[in-house]
Amino acid sequence: MNDSSQAAAALATGEASGFIRQMIARDLARGKHAGRVHTRFPPEPNGHLHIGHAKSICLNFGIAEEYGGHCNLRFDDTNPLKESQEFVDAIKQSIRWLGFRWHGEVRYSSSYFAQLHEFARQLIGKGKAYVCALSPEQIREYRGSLTEPGTPSPWRDREARESLALFERMRAGEFADGALSLRARIDMASPNINMRDPVLYRIRHAAHHQTGTQWPIYPTYDYTHCISDALENITHSLCTLEFEDHRPLYDWILANLDLDSLSEASSLGDSAAPFVLPEQTEFAKLRLSYTLLGKRFLRALVEGGKVDGWDDPRMPTLAGMRRRGYTPGAIRNFCEAVGVARAESVVDIAMLEHAIREDLDHNAPRAMCVLRPLKVVLDNFPAERRQVLRLARHPKRPELGEREVPLTRELWIESDDFSESPPAGFKRLVAGGEVRLRGAYVIRCHEVLRDESGGIRELRCCVDFDTLGKRPEGRKVKGVIHWVAADEAKPVELRLYDRLFLHENPAPKSVAEVFGELNPDSFERLENCMLEPAALDGGEHFQFERVGYFVRDRAAVGNGAAVFNRTIHLRDSWGAVR
RNA sequence: UGGGGUGUCGCCAAGUGGUAAGGCACAAGGUUUUGAUCCUUGCAUUCGUUGGUUCGAAUCCAGCCACCCCAGCCA
């Protein structure tokens, strides 16, 4: 792709941009990992991927591509209580949809359980871990506080032999959940709370989506992640800022394990590359204005029925964005534009909107669709006549071909495009005025017909037949409006989506607060919209001219009519003026 | 009040001692049979702040201020 070739060029000239790429370029220059770059994307299968994850995916997979390395997909599945196969499937699909391919097979932390168990025995044997009988509440009390050191567990100096035996009995399922835990023996007085003898293993009599009921004990994230990275020969373990305080623990665990045994267990096999420990580097996670990415809140929206599932087009999930009409290319470009840094920031959602408009402007074929139809009768256009116009699918890309658009005596136009009391600057149709029918003739409105209640029923217009593909003589017609032949239009349902939150920076403390901040107009259903017939034949993404970008939603059914979701409206400087 | 971080244009973000990239947003023009796109132009004498070092500082040093993260047997 163009992006990666640009990146490659930048690298070749020593212009790696951003602190992570610079670090990697530096590592490579020093031969730190024998020229290898191996990253991983490690989601926990406890929810759906969202735009924030896309940033991490683009970073990890992108770096692997740029440096000729690899990126693993590894499910960090050490907590069976919260995880499920449904989520692993959805996550894999979203990553593939984004256009990334992981290296080799999908990995699971759970597939390392046996090795993890063995390494734990090693730590115990070295006096670096012990089985503790403190309850979870007691462990919390013994841990101390941010300003006070912790106090050692009474089990801290338990004999290694005894701990080993207890650990085996834990593994055999002899104890109840929470009765015992395996803890690292580090420093109860450390100013870094993560180093105050963190729990390495806990008892959980729970079935796991990958390993079933084989294990009644499960390793914790801190213990699992670093070893999994090492086993997969990850060179650069990239994660978000909140794990920064965990880095000393990440390093401690690897440093206290026997390097040779780690190396042997790793997947480097008989490769000539030397075994090198992975290193963790943190970056700021993505935040977006008018958007909430917290899993807890997203879940609440779904379960509270505020949206129509995880793939509701208003959701910032990749599944939702896909249904909304976002494209992988747009999302990747967006992630590229956002950059990767350590400063916590909130990206303006306008950047995301720009990315999708840019993509769709270039790629989406054009069509005409009238959202709120107003009847127009062309008095001087013969009733039996059907003129077929051939219009470009894309104004700037003739290679995309043409479509046939029928013109007949009766049309639908947008009711917004006619005004009896036009505001200053109004360029559309007015009584007695002229306007161009997009791709067709200039018409003049000479009569407004009303219904009993005084509303506008239809417009009577006449066509200037000397204006097809040319300007009218002696006057200029500024306005251009979209239209559809009444008899041939396809009634469709349009679903208009807007941002879910009213506040630029929604910062709810509770789920109730989230519900209070929702935009009541985030969804509008328009039935009986009139679409030009050719647009139903194929294609997913369209620009409905003068309106916005829409995507066909084949999963949705709306009264038998085709359904289109509005991805994003066109920029509208006229709307902005009003 | 312990520890770990971060502060460069309205929003992101380059920059790593030699005199402030780029994108988004915004504004003003131009082109246009989409009030779209596209094109042009403008948009930080200044890098949280105060001092210091230096011929020279966003970049080095010190103090101060603001904000974020950490006391799950979650990840």
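Residues numbered from 1 in each chain as written. Chains lettered and ligands numbered in written order. Predicted model: local features only at pLDDT ≥ 70, side-chain atom pairs only at ≥ 80, totals over all residues. Heavy atoms only, no water.

Caption draft 1: Summary view of the sheet that holds strand β5 (residues 181-184). The strand order across the open sheet formed by four strands is β4-β5-β6-β7, and the pairing between neighbours is antiparallel. Strand pairing shows two members of the sheet lacking a second neighbour, β4 (129-132) and β7 (217-219), which therefore form its edges. Here the average twist between neighbouring strands, direction ignored, is 20°. Here three bridges tie β5 to strand β6 (residues 199-203), and the two strands are oriented antiparallel to one another. Along β6, the bridge assignment pairs R183 with V199. On the sheet, helix α7 (residues 160-171) packs against β4, β5, β6 and β7 and is oriented at approximately 60° with respect to β4. (Pairing = 2+ DSSP bridges. Helix = DSSP H or I, 4+ residues; strand = E, 2+ residues; numbered from the N terminus. Axes fitted to C-alpha atoms, helices over the stretch in contact; angles between N-to-C directions. Contact = heavy atoms within 4.5 Å.)

Caption draft 2: Structural detail: the domain arrangement of chain A. Under the domain assignment, chain A is made up of domain 1 (1-33), domain 2 (36-285) and domain 3 (367-568). The C-alpha centroid of domain 2 is placed 29 Å from the C-alpha centroid of domain 1. Listed per partner, the contact involves 13 residues of domain 1 and 15 residues of domain 2. Run the count over domain 1 and domain 2 and you get two salt bridges. For E279, the salt bridge identified is with K32, shortest N-O distance 3.1 Å. Between domain 1 and domain 2 we count four residue pairs in polar contact (both at pLDDT 80 or more) in total. Those elements that provide at least two residues to the side of domain 1 that touches domain 2 are α1 (2-12) and α2 (19-29). If one sorts the elements of the side of domain 1 that touches domain 2 by residue count, α2 sits on top with eight residues. (Domains from an automatic or database assignment. Salt bridge = Lys/Arg side-chain N within 4 Å of Asp/Glu carboxyl O. Polar contact = N/O pair within 3.5 Å; in protein donor to acceptor, adjacent residues only side chain to side chain.)

Caption draft 3: Representation of the nonpolar core. Counting 40 residues, the largest nonpolar core has I51, I57, F61, I95, L98, I331 and F334 as the members making the most contacts within it. At the level of elements, α3 (51-66), β2 (70-75), α4 (85-98), α12 (318-324), α13 (328-338) and α14 (349-363) are the ones that each hand at least two residues to this core. A per-element tally of this core places α3 first, with six residues. When neighbours within four sequence positions are excluded, F334 is seen to be in contact with I51, L286, L288, V347, M351, L352 and A355. Core analysis: the next-biggest nonpolar cluster, separate from the first, contains 38 residues, F113, F119, F167 and L200 among them. (Core = buried A, V, L, I, M, F, W, Y, C linked by side-chain atoms within 4.5 Å. Buried < 20%, exposed > 50% of the residue type's maximum accessible area, 1.4 Å probe, protein only.)

Caption draft 4: How the structure looks around the layout of surface pockets. The computed volume of the largest pocket comes to approximately 1,200 Å³. Around the largest pocket sit 45 residues that line it, and H53, T240, E242, F243 and K285 are the ones nearest its centre. Within the residue set of the lining of the largest pocket, elements represented by two or more residues are β1 (38-41), α3, α8 (221-231) and β8 (236-240). Ranked by residue count, the leading element in the lining of the largest pocket is α3, at four residues. Looking at the lining of the largest pocket residue by residue, the class counts come to 17 nonpolar, 15 polar and 13 charged. In this model, the second largest pocket occupies a volume close to 1,000 Å³. (1 Å grid on protein atoms, 1.4 Å probe; cavity = no way out; pocket = protein on both sides within 12 Å on 5 of 7 lines; lining within 4 Å. Points joined across faces, edges and corners; volume = space filled by probe spheres on them. Nonpolar A, V, L, I, M, F, W, Y, C, P; charged D, E, K, R; others polar.)

Caption draft 5: How the structure looks around the packing of helix α5 (residues 113-125) against α7. Running from N to C, α5 and α7 cross one another at 160°; their axes reach a closest spacing of 9 Å. On the basis of their axis angle, the class for α5 and α7 is roughly antiparallel. In the packing of α5 onto α7, the handedness of the crossing is right-handed. Where α5 abuts α7, its residues H117, A120, R121, I124 and G125 lie against A160, S163, L164, F167, E168 and R171. (Parallel < 35°, antiparallel > 145°, perpendicular 65-115°, else oblique. Left-handed = near helix turned anticlockwise from the far one by under 90°.)

Caption draft 6: Just the protein's contact with RNA strand B, in detail. Close to RNA strand B lie 71 residues, the nearest being R204, M351, R366, R428 and R438. When atoms of RNA strand B within 4 Å of the protein are split into backbone and base, the sugar-phosphate part holds 65%. Between RNA strand B and the protein, one listed contact pairs a sugar or linking oxygen with a backbone N or O atom of V346 at 2.8 Å. Secondary-structure elements contributing two or more residues to the surface near RNA strand B are α6 (136-142), β6, α14, β18 (434-437) and α16 (573-577). Ranked by the residues each element gives to the surface near RNA strand B, the list is headed by α14, at four residues. Across the surface near RNA strand B, the residue classes break down as 26 nonpolar, 19 polar and 26 charged. (Near = heavy atom within 4 Å.)

Caption draft 7: Molecular detail of the sheet that holds β1. Overall, parallel pairing links the three strands, which are arranged β1-β2-β3 in an open sheet. Because the sheet does not close on itself, it has two edges, and the strands there are β1 and β3 (107-108). Bridge count for β2 against β3 is two bridges, and the pairing is parallel. Across the sheet, R74 pairs through a bridge with R107, a residue of β3. Most of the contacts of α3 go to β1, to which it runs at about 160°, and overall it touches β1 and β2. In this fold α4 packs onto β1, β2 and β3, with an angle of close to 160° to the strand it touches most, β2.

Caption draft 8: Structural view of the pairing of strand β26 (residues 548-552). Within β26, five of the five residues are buried, leaving the element largely enclosed by the surrounding structure. Side chains G548, F550 and R552 of β26 all project onto a buried face; the interleaved residues Y549 and V551 project onto the opposite face, where all are buried too. Of the strand pairs in this sheet, strand β25 (residues 541-544) and β26 are connected by four bridges, and their pairing is antiparallel. When the bridges of β26 are listed, H541 appears paired with V551. Turn length for the β25-β26 hairpin, with the two strands adjacent in sequence and antiparallel, is three residues, and the turn residue R546 shows positive phi of about 70°. As paired elements, β26 and strand β27 (residues 562-569) share five bridges and run antiparallel to each other.

Caption draft 9: Broad picture of the pairing of β5. Because side chains alternate across β5, one face comprises the buried residues S181 and R183, and the other comprises L182 and A184, equally buried. Taken together, the four bridges between β4 and β5 define a ladder with antiparallel strand orientation. Considered in β5, the bridge of C132 is made with S181.

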